[in-house]
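Letter by letter, the chains look like this.
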Amino acid sequence: MAIDVDVRDTIALITINRPERLNALDAEHYQEMSRAWIDIRDNPQIRAAIITGAGERSFSTGADLKSFIPKPAGLGEFWLTQRDQLLNRGLEVWKPVIAAVNGYCLGGGMTLLLATDLRVAAAHATFGLSEVKRGVIPGNGGSQRLLRQLPHAIAMEMLLTGETIEAHTAARWGLINRVTPAAQLLDVAFELAQRVADNAPLAVQAAKELAVRSRDLDLASGLRLEESMLRLLQFTEDAQEGPAAFQEKRPANFKGA
């Protein structure tokens, strides 16, 4: 399969496995990707996920234009808004997602990156939304998330020129968390994922949901939602285990309950 999923203890690794096409995706592979995200969302064993691309050249270049341009979808599909949902298309996955970027992160690969929570990149990685050079615009949230995550002028330059930036520039502007040698990329991603997975999973998911939803709420509503989440978490076993482990000076054994 072109979308490989490997679950290691509590961490899922998704690999876009089409290196011969720079990990570009056609309609079939997007369907596979949708199923992978839904499985990760619904599997209680999984506490965090990593997304990467096979090979050393590309994270993903997004849609395989050779497969989409000759046969555009019928207009009726425009209203099938919940079909084959993706992380960057609006699927709600509250488990943290880490991107491990190993090369080109362009077009739909970039919009996928923008929907992740934490990001590490190899030093040779490049980032860009080049759709205006092809006569279209970024889909799956590219035009929406970029300006929320970068300074206005930087985001607009990327969006309107279609030009790329390199990894250290992306790190300087806060698009990614850190740059690492290519050989250490997955090790760094797994170390980061493990640090997340070691925490109380319900609290982690609540924190992510609050952070995401707060972007569309006024402060008073956000504070009220935060208080509601905190009240719910106080009745969990993990909320008892955390303070107990701290008092007993031992690692916490969180169960997600």
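Described below are features of the structure shown in this document. From a predicted model like this one, the values you see are computed outputs, not experimental measurements. Starting from 1, residues in each chain are numbered consecutively following that chain's sequence as written. Per-residue local features are limited, in this predicted model, to residues with pLDDT of at least 70; the limit for side-chain atom pairs, both in listing and counting, is 80 or more; totals at the level of whole chains, interfaces and linings are taken over all residues. Side-chain descriptors were evaluated using all non-hydrogen atoms of the structure, hydrogens and water having been removed beforehand.

### Overview of the overall build of the chain
Part 1 of the argument: Each helix is a run of DSSP H or I of at least 4 residues and each strand a run of E of at least 2, with the numbering of both proceeding from the N terminus. Along the backbone of the chain there are 10 helices and 10 strands.
Part 2 of the argument: Its C-alpha atoms give the chain a radius of gyration of 19 Å, within 12% of the compact-globule value 18 Å for 257 residues.
Part 3 of the argument: By its C-alpha atoms, the chain is 60 × 40 × 35 Å across when sized along the principal axes.
Part 4 of the argument: Exposure categories follow from relative accessible area, calculated using a 1.4 Å probe and restricted to protein chains: below 20% of the type maximum is buried, above 50% is exposed, and the middle band is partly exposed. Taken across its 257 residues, the chain has 44% of its residues classed as buried.
Part 5 of the argument: Residue pairs in contact within the chain that sit at least 24 positions apart in sequence constitute 68% of those at least 6 positions apart.
Part 6 of the argument: In this tally, Asp and Glu contribute negative charge and Lys and Arg positive charge; neither His nor the terminal groups of the chain are included. Every charge is mapped to an atom, namely NZ of Lys, CZ of Arg, CG of Asp or CD of Glu. Placing the 28 positive and 31 negative side-chain charges of the chain at their respective mean positions leaves the two points 2 Å apart. What the globule rule says is 2.2 Å times the number of residues to the power 0.38, and the radius of gyration is computed from C-alpha atoms. The contact criterion used is simple: two residues touch if any of their non-hydrogen atoms lie within 4.5 Å.

### A look at the pairing of strand β5 (residues 97-101)
Looking along a regular strand, one sees side chains alternate from face to face of the sheet.
Part 1 of the argument: Within β5, 5 of the 5 residues are buried, which leaves the element mostly enclosed by the surrounding structure.
Part 2 of the argument: Along β5, one buried face is formed by Val-97, Ala-99 and Val-101 and the opposite face, lined by Ile-98 and Ala-100, is buried too.
Part 3 of the argument: Two strands pair when backbone bridges link them, and strand β3 (residues 48-53) and β5 are joined in this way by 4 bridges, in the parallel orientation. Bridge assignment links Ile-50 to a residue of β5, and that residue is Ile-98.
Part 4 of the argument: One requirement defines pairing of two strands: DSSP has to find at least two bridges between them. In this structure, β5 lies alongside strand β7 (residues 118-122), joined through 4 bridges in parallel fashion. Directly across from Ala-100, in β7, lies its bridge partner Val-120.

### Some details on the environment of Thr-116
Part 1 of the argument: Along the polypeptide, Thr-116 turns up in the loop between α3 (108-114) and β7.
Part 2 of the argument: Linking Thr-116 and Glu-191, residues 75 residues apart in sequence, is a C-alpha distance of 16 Å.
Part 3 of the argument: The contact partners of Thr-116, leaving out residues within four places of it in the chain, are Ile-51, Leu-87, Val-97 and Ala-99.

### Some details on the sheet that holds strand β8 (residues 126-128)
Part 1 of the argument: Strand order in this open sheet of 4 strands is β4-β6-β8-β9, and the pairing throughout is mixed. Looking along the sheet, the strands with just one partner apiece sit at the ends: β4 (58-60) and β9 (165-166).
Part 2 of the argument: Bridging between β8 and β9 involves 2 bridges; their strand directions are antiparallel. Looking at the pairing, Phe-127 lines up with Ile-165 of β9.

### Remarks on the sheet that holds β5
Strand pairs in the sheet, formed through backbone hydrogen bonds, run parallel or antiparallel to each other.
Part 1 of the argument: Ordered in space as β1-β2-β3-β5-β7-β10, the 6 strands form an open sheet in which the pairing is mixed. The open sheet has two edge strands, β1 (3-8) and β10 (178-180), and neither has a second partner. Across the sheet, the mean angle from the axis of one strand to that of its neighbour is 20°, orientation sign disregarded.
Part 2 of the argument: Looking at chain direction, β7 and β10 are connected through 3 bridges and run parallel. Paired with Val-120 across the bridge in β10 is Arg-178.
Part 3 of the argument: Only C-alpha atoms enter the line fits that serve as axes; for helices the fit covers just the stretch in contact. Angles between N-to-C directions range over 0 to 180 degrees. Strands β1, β2 (11-16), β3, β5, β7 and β10 of the sheet are contacted by helix α7 (residues 185-197), whose axis makes an angle of about 165° with β7.

### Examining the nonpolar core
Part 1 of the argument: For our purposes a nonpolar core is just a set of buried Ala, Val, Leu, Ile, Met, Phe, Trp, Tyr and Cys residues, chained together by side-chain atoms within 4.5 Å. One finds Trp-37, Ile-51, Phe-127 and Leu-175 to be the most contacted residues of the largest nonpolar core, which totals 42 residues.
Part 2 of the argument: Mapped by element, the contributors of at least two residues to this core are β2, α1 (27-42), β3, β5, α3, α5 (152-161) and α6 (167-172).
Part 3 of the argument: Leave out the neighbours within four places in its chain, and Ile-51 touches Ile-14, Ile-16, Met-33, Trp-37, Phe-59, Val-97, Ile-98, Ala-99, Ala-100, Leu-112 and Thr-116.
Part 4 of the argument: The next biggest cluster of nonpolar side chains, apart from the first, holds 16 residues, and it includes Ile-11, Ala-48, Val-120 and Ala-189.

### Considering the pattern of salt bridges
Part 1 of the argument: We count a salt bridge whenever a side-chain nitrogen from Lys or Arg sits within 4 Å of a carboxyl oxygen from Asp or Glu. In this structure the tally under the stated criterion is 10 salt bridges.
Part 2 of the argument: Taking the shortest distance from any N to any O, the salt bridge between Asp-216 and Arg-148 comes out at 3.7 Å. Here Asp-216 is found in the loop between α8 (201-213) and α9 (219-233), whereas its partner Arg-148 is found in helix α4 (residues 142-149), with 68 residues between them in sequence. For the pair shown, Asp-216 and Arg-148 are each scored as exposed.
Part 3 of the argument: With a shortest N-O distance of 3.4 Å, Glu-227 and Arg-231 are connected by a salt bridge. Highlighted residues: Glu-227 and Arg-231, both in helix α9, separated by 4 residues, approximately one helical turn.
Part 4 of the argument: Salt bridges linked by common partners bring Glu-92, Glu-209 and Arg-213 together as one network.

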